[in-house]
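What follows is the residue order along each chain.
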Amino acid sequence: RRVHGGSNSSSRIRMANLSLNNIFVKRKLEEIPKPPNGLIALDPNTTLARAAEILSENHIQSAPVSRITSAESSSEFQFPAVLDMINVMSFIVKHAKTTSAPLGGFLDFAKEMEVFEKVTVQQVLQPSPNNMIPLTGASTLLDAMLLMGHYNVRRIPVVDPTGQVENYITQMGVVKEIAAMCDRGDFSLDVPLEAAGLATGNVLSVRENSPFLDAFTVMDERAISGVPVVNEEGVVIANISASDAHFVARYPILFEMITRSHLTVSQYLETLRECGEQVRDPITVGPTSSIKEVVGIMLNARIHRVYVVDDKKRPIGVVSLGNIIKVLVEVPDQFFEKFVLGL
């Protein structure tokens, strides 16, 4: 599905600088609704096999990890890290390739292999200075947007004075807030992607006849959560994202075929259909589509990115939730020192 559009009307957002700092700074994080089902967290001593099972059971692709006991750790809040399903998949698949153990599905295989019962969440987490930066309820939506948009922080715990987590802010949650404020008339997002500098950029893709593992490898190595699938003509025909790890965890045939390196991207998609799963057509937009249109598409479809395509449906750019957040705010002086370095 492709969406065209855009607006030639004047916008209350300045085209040269889309900053809306003075509006977002008025919104406190304590005013943002909490997750309806509560916060699902992982213990750092949970085995990797059990962690994968928890993520799959709850239909989520990541979860915060509670305090990690380490002499090197200087974190003073409850959840200093996060485990993502793509990290689990990368670890499992890497080890599955080197073993001759029977393949019985993602979760069964992980449980059967002694190494996965010994390896814990804490041992596979890769340290990152901006993995989880906590904010308080008195912090503002602007603070969260600056961290997410300009410092690649995807999730933010909101903590009370004792370090207990009160809320868990995601990029999707922030974009929901942005959309609500736009609907109230606080500002307009009727700005074409090309005018906002979001229409073009480097797009990493995988061919439909490539091994499915290539998609996960690209995402893991480049720290991205999705890639478009293109055919021989370079036309976008599908999307592979971190959420696909749930399907691999659910269906033994997928895991078996992937670990034996027999499964191509197109075969993976066809196998999903045979398993009764709905494989959605990729959602693409044109360079003249507006930010408002793209935000609406993302929220309605609950997706984290859309691909910008040319007239021949070839990808020329990708717009993620983080891109939307970033273009709406500018970094004030001393922000990095205050929030990232803690000075």
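A. Looking closely at helix α12 (residues 265-274). Of the positions making up α12, those classed as buried are Val265, Tyr268, Leu269, Thr271 and Leu272. Buried positions in α12, seen along its axis, are confined to an arc of 160° and lie on one side of it.

B. Quick look at the sheet that holds strand β8 (residues 226-230). Ordered in space as β7-β8-β9, the 3 strands form an open sheet in which the pairing is mixed. Pairing within the sheet leaves two strands with one partner each, and these edge strands are β7 (206-207) and β9 (236-241). Taken together, the 5 bridges between β8 and β9 define a ladder with antiparallel strand orientation. Its bridge partner lying in β9, Val227 is registered against Ile240. Packed onto the sheet, helix α9 (residues 212-222) meets β7, β8 and β9 and runs at close to 60° relative to β9. Against the sheet, α12 touches β7, β8 and β9, its axis set at about 80° to β9.

C. View of the sheet that holds strand β6 (residues 165-170). Pairing is mixed in the open sheet, where 3 strands are placed in the order β4-β5-β6. Looking along the sheet, the strands with just one partner apiece sit at the ends: β4 (135-136) and β6. In terms of strand pairing, β4 meets strand β5 (residues 155-159) through 2 bridges, oriented parallel. Each residue of the ladder has a partner; that of Thr136, found in β5, is Val159.

D. Quick peek at the environment of Pro315. Locating Pro315 in the fold gives a position in strand β12 (residues 315-320). Overall, Pro315 belongs to the partly exposed group, its relative accessible area being 21%. Taking C-alpha positions, Pro315 is 9.3 Å from Asn202, a pair spaced 113 residues apart along the chain. Sequence-distant contacts of Pro315, that is, excluding residues within four places in its chain, are made with Val203, Val230, Gly234, Val236, Val308 and Val309.

E. Region of the structure containing the packing of helix α8 (residues 171-183) against helix α13 (residues 291-301). Between α8 and α13, whose axes approach to 10 Å, the crossing angle comes to 130°. Between α8 and α13, the angle falls in the class oblique. Two packed elements cross with a definite hand, and for α8 against α13 that hand is left-handed. On α13, the residues touching Met172, Val175, Lys176 and Ala179 of α8 are Val295, Met298 and Leu299. Counted by class, the contact of α8 with α13 contains 6 nonpolar, no polar and 1 charged residues.

About the cut-offs
Residues numbered from 1 in each chain as written. Predicted model: local features only at pLDDT ≥ 70, side-chain atom pairs only at ≥ 80, totals over all residues. Heavy atoms only, no water. Buried < 20%, exposed > 50% of the residue type's maximum accessible area, 1.4 Å probe, protein only. Helix = DSSP H or I, 4+ residues; strand = E, 2+ residues; numbered from the N terminus. Arc of directions from axis to C-beta. Pairing = 2+ DSSP bridges. Contact = heavy atoms within 4.5 Å. Axes fitted to C-alpha atoms, helices over the stretch in contact; angles between N-to-C directions. Parallel < 35°, antiparallel > 145°, perpendicular 65-115°, else oblique. Left-handed = near helix turned anticlockwise from the far one by under 90°. Nonpolar A, V, L, I, M, F, W, Y, C, P; charged D, E, K, R; others polar.

Geometric values such as these leave the question of function open.
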